[in-house]
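Single-letter residue listing:
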Amino acid sequence: MQNCPKCKVSVVGNKKCCPLCQNKLSGKGDFETESYPKISNSKYIDDFLLKIISFVAIVSITISISINFLIESSSMWSLFVVAAILSGWITAIVGISYRKKLLQNITNQLFLLTLLAVGWDYFTGWRGWSIDYVIPCSCTASLISMFALALVLKFPTTQYIFYLVISCVYGIVPIIFYKLDLLNVILPSIICTASSIISISAIVIFEGKNIMTIVHRKFHI
């Protein structure tokens, strides 16, 4: 039987870490004493969707490039179409892969969307729309989405607070752009930064103990 040296409890079955503190267990596991049977998680639907999306993306890219050559256009506009399709494909792949982990999916999509927006802005001549609108609006939308999901689905605090803190910290980034005088439009960044500061202040004041619990669990400190 396995034992947790920190919690001083015995754990039946064959586990990698303690279900209470997530620390490494000592002793030898026993498959025969598992409390619950292991159920294989079928990924057929996810794999099928990924294959369909990938196939549609390849077909769309091939058709756009073919049309570009057939009409003998002087500009390679198909490259923009290809970049747009690839951006959509990457976003869809991430969304499907994490569709059962809503909060993590929102966080991943936040970073992905803003990164793609900055890339598009940079390679199309840099007009600043990515940092003026996309980053602050995406951060604000992610905060609202997480609060709404936590409220409607009644998530326990420890389940959503980690991703909420990440979004709040990322939401303060626009103030850096403001300090560097990179913004053309200030209002979205001000709203985003203010919302993030208010949210993270509320989290620290009212959920400080839960934050420390999550830090101990995730980083084993």
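Note that this is a predicted model, so its numbers are computed, not measured.

Student: Honestly, the overall build of the chain in this entry has me stumped. Any pointers?
Tutor: Along its length, the chain carries eight helices and two strands. The helix and strand sequence of the chain, counted from the amino end, reads β-β-α-α-α-α-α-α-α-α. Here the chain holds 221 residues, and 29% of them are scored as buried. Split by element, the accessible area of the chain, about 14,500 Å² in all, is 69% carbon and sulfur.

Student: Please clarify how the packing of helix α5 (residues 157–171) against helix α7 (residues 187–206) should be interpreted in this entry.
Tutor: The packing of two helices is summarised by the inter-axis angle and the distance between the axes. Direction vectors running N to C along α5 and α7 enclose 145 degrees, while the axes themselves pass 8 Å from each other. For the pair α5 and α7, the sense of crossing is left-handed. Counted together, Ile-161, Leu-164, Val-165, Ser-167, Cys-168, Val-169 and Gly-171 of α5 and Cys-192, Thr-193, Ser-196, Ser-199, Ile-200 and Ile-203 of α7 form the full contact between these two elements.

Student: Is there a simple way to think about the packing of helix α3 (residues 102–123) against α5 in this case?
Tutor: The geometry of α3 relative to α5 is characterised by a closest axis approach of 9 Å and an angle of 15 degrees between their N-to-C directions. The angle between α3 and α5 places the two elements in the roughly parallel class. For the pair α3 and α5, the sense of crossing is left-handed. From α3, Leu-103, Gln-104, Thr-107, Leu-110, Phe-111 and Thr-114 reach across to α5, where they touch Gln-159, Tyr-160, Tyr-163, Ile-166, Ser-167 and Tyr-170.

Student: How should I be thinking about α7 in this particular structure?
Tutor: Helical geometry: 3.6 residues make up each α-helical turn, so side chains three or four residues apart lie on a common side. In this model α7 runs 28 Å from its N-terminal to its C-terminal C-alpha over 20 residues, within 8% of the 28 Å that 1.5 Å per residue would give. Residues Pro-188, Ser-189, Cys-192, Thr-193, Ser-196, Ser-199 and Ile-203 constitute the buried set of α7. The buried residues of α7 occupy an angular sector of 135 degrees when projected down its axis, which confines them to one face. Turned more than 90 degrees away from the buried face of α7 sit Leu-187, Ile-198, Ile-205 and Phe-206, all of them exposed.

Student: What is the right way to look at the side chain of Asp-132 in this model?
Tutor: As for its placement among the helices and strands, Asp-132 is situated in helix α4 (residues 129–152). Buried and unpaired, Asp-132 has no salt bridge, with Arg-127 as the nearest side chain of opposite charge at 11 Å.

Student: Hey, could you run me through the confidence of the model for the chain in this one?
Tutor: Reading fine detail from the predicted coordinates is not recommended where pLDDT is low. In the predicted model, the chain carries a mean pLDDT of 85, and 88% of its residues have values of at least 70. For the chain, the element scoring lowest by mean pLDDT is helix α8 (residues 208–219), at 70; α3 scores highest, at 95.

Student: Mind showing me how you'd approach the nonpolar core here?
Tutor: A general trend in soluble globular proteins is that nonpolar side chains are found buried together. Within the largest apolar cluster, twelve residues are counted, these being Leu-103, Ile-106, Leu-143, Met-146, Ala-150, Phe-155, Tyr-160, Ile-161, Tyr-163, Leu-164, Cys-168 and Ile-203. Secondary-structure elements contributing two or more residues to this core are α3, α4 and α5. If you tally residues by element for this core, the top one is α5, at five residues. Setting aside residues no more than four positions away along its own chain, Leu-143 makes contact with Leu-164, Ser-167, Cys-168, Ser-195, Ser-196 and Ser-199. Of all hydrophobic cores here, the second largest spans eight residues; its members include Ile-131, Ile-135, Tyr-170 and Cys-192.

Procedures and definitions
- Residues numbered from 1 in each chain as written.
- Predicted model: local features only at pLDDT ≥ 70, side-chain atom pairs only at ≥ 80, totals over all residues.
- Heavy atoms only, no water.
- Helix = DSSP H or I, 4+ residues; strand = E, 2+ residues; numbered from the N terminus.
- Buried < 20%, exposed > 50% of the residue type's maximum accessible area, 1.4 Å probe, protein only.
- Areas by Shrake-Rupley, 256 points an atom, 1.4 Å probe, with all protein chains shown as cover.
- Axes fitted to C-alpha atoms, helices over the stretch in contact; angles between N-to-C directions.
- Left-handed = near helix turned anticlockwise from the far one by under 90°.
- Contact = heavy atoms within 4.5 Å.
- Parallel < 35°, antiparallel > 145°, perpendicular 65-115°, else oblique.
- Expected span 1.5 Å × (residues − 1).
- Arc of directions from axis to C-beta.
- Lys, Arg positive; Asp, Glu negative; His and termini not counted.
- Salt bridge = Lys/Arg side-chain N within 4 Å of Asp/Glu carboxyl O.
- pLDDT = per-residue confidence, 0-100.
- Core = buried A, V, L, I, M, F, W, Y, C linked by side-chain atoms within 4.5 Å.

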